[in-house]
Amino acid sequence: MTNLVFAALFFVVRVIIYWGGLYEMVANTRPLLLSPRFGAPSWLLNMVCGFVTGGAILNAYWFVKIVKMASRKPGRNKKQ
């Protein structure tokens, strides 16, 4: 039960909220920072967006692995 709760919380925090923040960053914050008012360097913003997107994809990958581990029958070990 603990593993399933951990998987659910991981999904909410590291997948749903993280991806929501990623959308906010790409859709709203990035264009604002590229505007003449702020004039941030585009190469730097693109690099940051790329790393954050990579983190979001990594969290989704980990979530799949966590669900597989949490849904295994208790007492089963890979080495057996």
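The structure under discussion appears in the preceding block.
Treat the numbers as computed from the prediction; the structure is a model and nothing was measured.

## Considering the overall build of the protein chain
(1) Moving on: A count of helices and strands for the protein chain gives two helices and zero strands.
(2) Moving on: In terms of overall size, the protein chain is more extended than a compact globule, its C-alpha atoms giving a radius of gyration of 18 Å where 80 residues would be expected to give roughly 12 Å.
(3) Moving on: Counting only C-alpha atoms, the protein chain reaches 60 × 20 × 10 Å along its principal axes.
(4) Moving on: The 80 residues of the protein chain split such that 18% are buried.
(5) Moving on: Considering only intrachain contacts with a sequence separation of at least 6, the fraction spanning at least 24 residues in the protein chain is 68%.

## Description of the packing of aromatic side chains
(1) Moving on: Applying the stated criterion across every chain, the model contains two aromatic pairs.
(2) Moving on: Measuring from centroid to centroid gives 6.0 Å for phenylalanine 6 and phenylalanine 10, while their planes differ by 45°, and the two rings are tilted. Placement of the pair is phenylalanine 6 and phenylalanine 10 together in helix H1 (residues 2-34), with a separation of four residues, close to one helical turn.
(3) Moving on: Measuring from ring centre to ring centre gives 4.9 Å for phenylalanine 11 and phenylalanine 63, while their planes differ by 40°; the resulting arrangement is tilted. In this pair, phenylalanine 11 sits in helix H1 while phenylalanine 63 sits in helix H2 (residues 42-70), placing the two residues 52 residues apart along the sequence.
(4) Moving on: The exposure class of phenylalanine 11 is partly exposed, given its relative accessible area of 32%.

## Observations concerning H2
(1) Moving on: The terminal C-alpha atoms of H2 lie 41 Å apart, and with 29 residues this matches the ideal 42 Å at 1.5 Å per residue to within 8%.
(2) Moving on: Listing the buried residues of H2 in full gives Leu45, Cys49, Gly55, Ala56, Asn59, Phe63, Ile66 and Ala70.
(3) Moving on: Lining the buried residues of H2 we find H1.

## Let's talk about the nonpolar core
(1) Moving on: Counting five residues, the largest nonpolar core is built from Ala7, Phe10, Val15, Phe63 and Ile66.
(2) Moving on: Listed by contribution, the elements that provide at least two residues to this core are H1 and H2.
(3) Moving on: Considering every element that reaches this core, the biggest residue donor is H1, with three residues.
(4) Moving on: Those residues in contact with alanine 7, other than ones at most four positions away along the chain, are Phe63, Ile66 and Val67.

Criteria and cut-off values
Residues numbered from 1 in each chain as written. Predicted model: local features only at pLDDT ≥ 70, side-chain atom pairs only at ≥ 80, totals over all residues. Heavy atoms only, no water. Helix = DSSP H or I, 4+ residues; strand = E, 2+ residues; numbered from the N terminus. Rg over C-alpha atoms; globule rule 2.2 N^0.38 Å. Buried < 20%, exposed > 50% of the residue type's maximum accessible area, 1.4 Å probe, protein only. Contact = heavy atoms within 4.5 Å. Phe/Tyr/Trp six-rings, centres within 6.5 Å; stacked < 30°, edge-to-face > 60°. Expected span 1.5 Å × (residues − 1). Core = buried A, V, L, I, M, F, W, Y, C linked by side-chain atoms within 4.5 Å.

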